[in-house]
Structure formats: C-alpha cells, structure tokens
Amino acid sequence: MSRRESAELGNKQMAGQWERVPSVVLHEIYLLLPTADQLRASATCRHWRQVFYQSFSPSKVTLRVRAGDQNSCERSIFLASCWGNKLRHAVTEFDSAKDGVAEIVADLLLLLAEKGCQLRSIALRPSYCRLLVPHRQPTFLDRRIMEPLRSIISKSKRLELVNLGGLEDLAPYLSELLQVLAVCHGKHLRTLHANTLKAIPQVYKIYDLDPGHFSRFTALTELSLDYDYLTDKMLQTLSGQGKDLRVLNVFVHGVDEDLLPPSNQSWTAFSKQNENCELRLCLLFSCEAVEFLSSGLLQPSMPLTQLKVLFCEMISVEALHLLYDWYWSKLTSLWWIDVADENAPLDALEISFGQPHPLVMVAWRCVNLRELVVIGYDLLDDNIIAISRLRGALLKRLDIPESNIFFDEIPDGSPHDAKVKLVEEVSDSLQRKWAPLSNKDMPAALVNPSLESAIEFALACTQPH
C-alpha cells in the first residue's frame, strides 16, 4: 500500500471519530485558535458546536424570534439551551402579533426559567403591544408566559433589571410580579420598566396596584410606569428615605376623571428626595391627555426633561408656554408627532397676531434643549430658521417633514430655490448638514398610517435602549 493510500485510509477511519474528541481536549484546541477559526471549527459536527457554545458563552445574548424565519427560532432555542445556565443578561426580541411566535417565546422563557438562575437582567422586546396567543387556549398567558416569568424572578439570585416590553397582556399580572420582585430582589433591582401600550387606546382597564410594593425597592434608579398609577401616594412612596431615582418614565394613555393627579406639593417632595431625577413624559393616542397638560397634568415642580406626544391629533399652545415658563432649565427633548399630512392646517397653533411662535419661544427659553421633533403641523420657514439660530450647534436633532414646511414668501426663482435657501441657512446655524424629512425618510406609520403601524412606531420610540 502506498503512502497516499495509507493516508486516505487513515482519514476515512478518523472521519467518524471527530465527534468523539473529549470536550476537555476540544476546549484546549479552541483556546489556540482566533475567533474566526473557532467559529469555522465549531461547524465540524454537532459535538464540536455544542462544546464551543458551552465553553465560550457570553454574559449577554439576544434571543430573536422572527415569524417565518425558522433559522432564527432554532438558533435562539439552541443558544438558550447551551448558555442559559451561564447567562447574566437575556433579551428576547419577537414578532408578537404573528402566528406561532407566542409558543416559541414561551419555550424560550421556560428554558431560561430552568437554567437562568444566574440572570442579572431579563428584557422582553415585542414588536407589538399584544401577544397573539394560540387559538382556544385561554390559559396560555398564565400557564406558558407567566409561570416561567415567576420562576425566573424567584430563582434568579440577583435581578437588577426587568423590562416587560410594554406588553398590555401583562398588565393584569403586574401587581403579582411586583410582589415577587420586591420579596426576591428588593435590595438589588435597579431598573424596572413596567409600563404598557394599549391596543385600543380609548378603552382599557386599570388594574389595582399597591404603591407599597415600591417601598421595598431600595436600589431603584430607573422606573417606567403608566400615569394611571401615578398618585400622591405613589410619589410619596418614591420619595421615601433612601430613594434615589435617576429616571422616571411616565406613559399617559388617558385621563381617568375619578383619579386625582399628583399635586405640586407631592412633586416638590419627590424632586427634593430625588435631586438628579429626569422625568420623561410620553402621551399616547389621547386628545384628552393633551388638553389636560395645561390644566393639571403638568406641575411646576416636575423635574421634566423630555416630553413626547405621539398620535394625539392636537397640539396645545398653553402647554408649550408652560414648557418654557416652568422647565426652561431642565427640558432637553420635545417630540410632537402626528401623521405628516400635506394638508395639515396652518392654524393648528392658534397664535395671537404679532405674538412669537411658541416653538420659537421654547427654542429661545429652554437653554438645554437638544432635540426638537415636530411632525404633522405646518411651520413657516422663518420660524424654522429662528429655531436653528437660537439653538445653534447645541440642537443635535431637528426633525421636520418637508411636507409640513410652509414658505411665507418665495423669492424670485422657484419653490425649489426657497427650499435650498432654507436648508443652507439652517445647516449654517446648526453647524452641520441638515435637510427636512422626505416621505421616504419616515416610517409608514407617519405617512400611510394604521392603528397597528402607529402602535408599533410608538413602541419602537419608547423602548429603552
């Protein structure tokens, strides 16, 4: 037998032996290889791949479940199986309104419940505010979603972050989850996102929530909560001794006439205890909430730094006045977004003749304003130029649709020349290249809206990073 034939015979004999290489030996082999070669070597067989993922597990992983993408689902299940017992941070992204996704998410949560006792953070990132549960399974949420979540919370040794993803389906269970979190992780939990978005914004149920749960969270620095639960008692609890909130995200879907808003006195006590706290207020799909801004919702002692008004179909001049009167040193970001309509009424802002535009006043008086996003309301080109000159390079974001820009006077030439001049002047003032938003630059929810696309857009805008 020649040397070549002997080598070929040896290779054939070894072909079935690669999967028998001991895990300890494989681990040492991987240590000698650069990352790219490690990945290539892990494709040798199932055994090599499993050893690689078990030996070199990261502390954080994002598990993605995409409808119609079998590979992403299988990969996420595999990663949770291999890395679950070593993970510190788990993020689950999923197409929540698609058929078949809920079952896979439930399987992932079950794997994390079985293996995730080392978790420090758990975050859900749905694409929509509701989960499409299997047909004729009324107990699916409680049995397949809530039971694993309860188990993850109770088994984890030191949870520091919990993000429920804005899922409205979890609202009935919020009080129970908070109670388990308070008992198991009251001294460790630093970030809690327990807000929701509503599939039917005008009609939703408010569940009982005892503010006392929050008294046990002594390390909490960031909290997201629906405005329906923000009472004087809740603020007093969040103002208790030892509290040091840095961020309070409040989501307003409506205004219940039976619930009294927190008083300015409560906000004063809250701000005194939480001196470095930033209040980020978001109004969603609610005209009445916009009307309530200037008649009780906004209070002078609020530490308001950000205001987002999304799809509320109206703008309040009175509220804009309060922004620069009360929060001139705090406000850093203002978003007022509706559908970008080419026929948006120019008089959407009822401004007295001869008075400065309220958005120009916000730009002038709010000395720390960094973001201004106004979509769905016409603005004169002169006002846009004034805003850019007043804020200059400090204004890092200025989003205004081209379809919402109204030119007071078009000089000799064409509308195109007027647009070019506007772009040049604003760019010079901001000291960077600027252009208005075209329809192709904007999400479909702002151009060809539906309730579902608007909710998806709002969810994307409000999800914490």
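In this numbering scheme, every chain counts its residues from 1 along its sequence in written order. pLDDT decides what is reported in this predicted model: residues at 70 or higher carry local features, side-chain atom pairs at 80 or more are listed and counted, and totals for whole chains, interfaces and linings draw on all residues regardless. Note that water and hydrogens are dropped before the side-chain values are worked out from all heavy atoms of the structure.

**Q** Could you give an account of the packing of aromatic side chains, naming the residues involved and the relevant values?
**A** Here a Phe, Tyr or Trp ring, Trp counted by its six-membered ring, pairs with any other such ring whose centre lies within 6.5 Å, and the pair is stacked when the planes are under 30 degrees apart, edge-to-face when over 60, and tilted otherwise. Under the counting rule described, the total for this entry stands at five aromatic pairs. Aromatic pair Phe-214 and Phe-217: ring centres 6.0 Å apart, planes at 70°, arrangement edge-to-face. Taking the relative accessible area as the measure of exposure, Phe-217 reaches 0% and is therefore buried. Ring plane angle 85° and centroid distance 6.1 Å describe the contact between Trp-326 and Tyr-327, whose orientation is recorded as edge-to-face. Three exposure classes are used, based on accessible area relative to the maximum for each residue type with a 1.4 Å probe and protein chains only: buried under 20%, partly exposed in between, and exposed over 50%. For Trp-326, a relative accessible area of 30% translates into the label partly exposed. Aromatic ring contacts, followed pair by pair, group Phe-285, Phe-311 and Phe-457 into a single cluster. Only lysine NZ and arginine CZ atoms are considered, and such an atom sits over a ring when it is within 6 Å of the ring centre and within 35 degrees of the ring normal. In this structure, Lys-308 is placed above the aromatic ring of Trp-335, and the distance from its NZ or CZ to the ring centre is 4.0 Å.

**Q** Would you mind going over the environment of Arg-130 in detail, with residue names and values included?
**A** Looking at the secondary structure, you find Arg-130 in the loop between strand S3 (121-126) and helix H7 (140-155). For the pair Arg-130 and Leu-197, spaced 67 residues apart in sequence, the C-alpha separation works out to 8.6 Å. Contact between two residues is taken to exist if any of their heavy atoms lie within 4.5 Å; hydrogens are not considered. Here Arg-130 is in contact with Ser-96, Ala-97, Leu-167, Glu-168, Asp-169 and Ala-199, once residues within four sequence places are set aside. Engagement of the side chain of Arg-130 in a polar contact is seen with the side chain of Asp-169, the distance being 2.6 Å. Numbering of helices and strands starts at the N terminus; helices are DSSP runs of H or I of at least 4 residues and strands are runs of E of at least 2. Counting of polar contacts relies on pairs of N or O atoms within 3.5 Å, with two restrictions inside protein: one atom must be capable of donating a hydrogen and the other of accepting it, and residues adjacent in sequence are counted only when both atoms are side-chain atoms.

**Q** Give a description of the pattern of salt bridges that names residues and reports values.
**A** Salt bridges are defined as contacts in which a side-chain nitrogen from Lys or Arg sits within 4 Å of a carboxyl oxygen from Asp or Glu. Per the stated rule, a full pass over the model turns up 15 salt bridges. One salt bridge in this structure joins Arg-120 and Glu-160, with 3.6 Å as the shortest N-O distance. Taken together, the residues span a long stretch of sequence, with Arg-120 in the loop between helix H6 (101-115) and S3 and Glu-160 in the loop between H7 and strand S4 (161-163) at a distance of 40 residues. Exposure remark for Arg-120: the relative accessible area of 32% places this residue in the partly exposed category. The class for Glu-160 is partly exposed, based on a relative accessible area of 22%. A cluster of three or more residues bridged by salt bridges with shared partners is formed by Arg-64, Arg-66, Glu-93 and Asp-95.

**Q** Break down empty space enclosed by the protein for me, citing the residues and quoting the values.
**A** Using a grid of 1 Å spacing that covers the protein atoms alone, one calls a set of points a cavity when a 1.4 Å probe fits there but cannot get out, and a pocket when the set is open and has protein on both sides within 12 Å along at least five of seven lines; lining residues are those with an atom within 4 Å of a point. Grid points are joined across faces, edges and corners, and a volume is the space filled by probe spheres set on the points. Evaluated as defined, the whole model comprises three cavities of 30 Å³ or more. Quantified by volume, the largest cavity comes out at close to 90 Å³. What lines the largest cavity is Tyr-227, Asp-228, Leu-230, Thr-231, Gly-254, Val-255, Asp-256, Leu-259, Leu-260, Pro-261, Pro-262 and Phe-292. In this classification, the charged set is Asp, Glu, Lys and Arg, the nonpolar set is Ala, Val, Leu, Ile, Met, Phe, Trp, Tyr, Cys and Pro, and all remaining amino acids, among them Gly, are polar. The residue makeup of the lining of the largest cavity, split by class, is eight nonpolar, two polar and two charged.

**Q** Please set out the packing of helix H13 (residues 358-365) against helix H14 (residues 381-391) residue by residue, giving values where relevant.
**A** Think of each axis as a best-fit line through the C-alpha atoms, taken over the contacting stretch in the case of a helix, with angles from 0 to 180 degrees between the N-to-C directions. At a closest axis distance of 8 Å, the pairing of H13 and H14 adopts a crossing angle of 5°. The angle between H13 and H14 places the two elements in the roughly parallel class. Along its contact with H13, which presents Leu-359, Val-360, Ala-363 and Trp-364, the element H14 presents Asn-383, Ala-386, Ile-387, Leu-390 and Arg-391. Of the residues belonging to the contact of H13 with H14, the class tally is seven nonpolar, one polar and one charged. An angle below 35 degrees is read as roughly parallel, one above 145 as roughly antiparallel, one from 65 to 115 as roughly perpendicular, and any other as oblique.

**Q** For the sheet that holds strand S11 (residues 371-375), give the residues involved together with the corresponding values.
**A** A pair of strands is treated as paired once DSSP finds two or more bridges between them. The twelve strands lie next to each other as S1-S2-S3-S4-S5-S6-S7-S8-S9-S10-S11-S13, forming an open sheet whose pairing is parallel. This sheet does not close on itself; its edge strands, each paired only once, are strand S1 (60-65) and strand S13 (397-399). Direction aside, the axes of adjacent strands within the sheet are offset by 10° on average. Judged from the six bridges that link them, strand S2 (residues 89-94) and S3 form a sheet pairing that is parallel. Looking at the pairing, Phe-94 lines up with Pro-126 of S3.

**Q** Talk me through unusual backbone geometry; I want residue IDs and the actual numbers.
**A** What you tend to see is this: most non-glycine residues have negative phi, and most peptide bonds are trans. Even without being glycine, Phe-285 reaches a positive phi, approximately 55°. The exposure class of Phe-285 is buried, given its relative accessible area of 13%. With phi around 60°, Gln-431 is a residue other than glycine that occupies positive phi space. On the secondary structure map, Gln-431 appears in the loop between helix H15 (415-430) and helix H16 (451-462).

**Q** I'd like a description of H13, backed by residues and values.
**A** Among the eight residues that make up H13, six are buried, leaving the element largely enclosed by the rest of the structure. For H13, the set of buried residues is Pro-358, Leu-359, Val-360, Met-361, Val-362 and Ala-363. Next to the buried residues of H13 lie helix H12 (317-326), strand S10 (333-337), S11, strand S12 (379-380) and H14.

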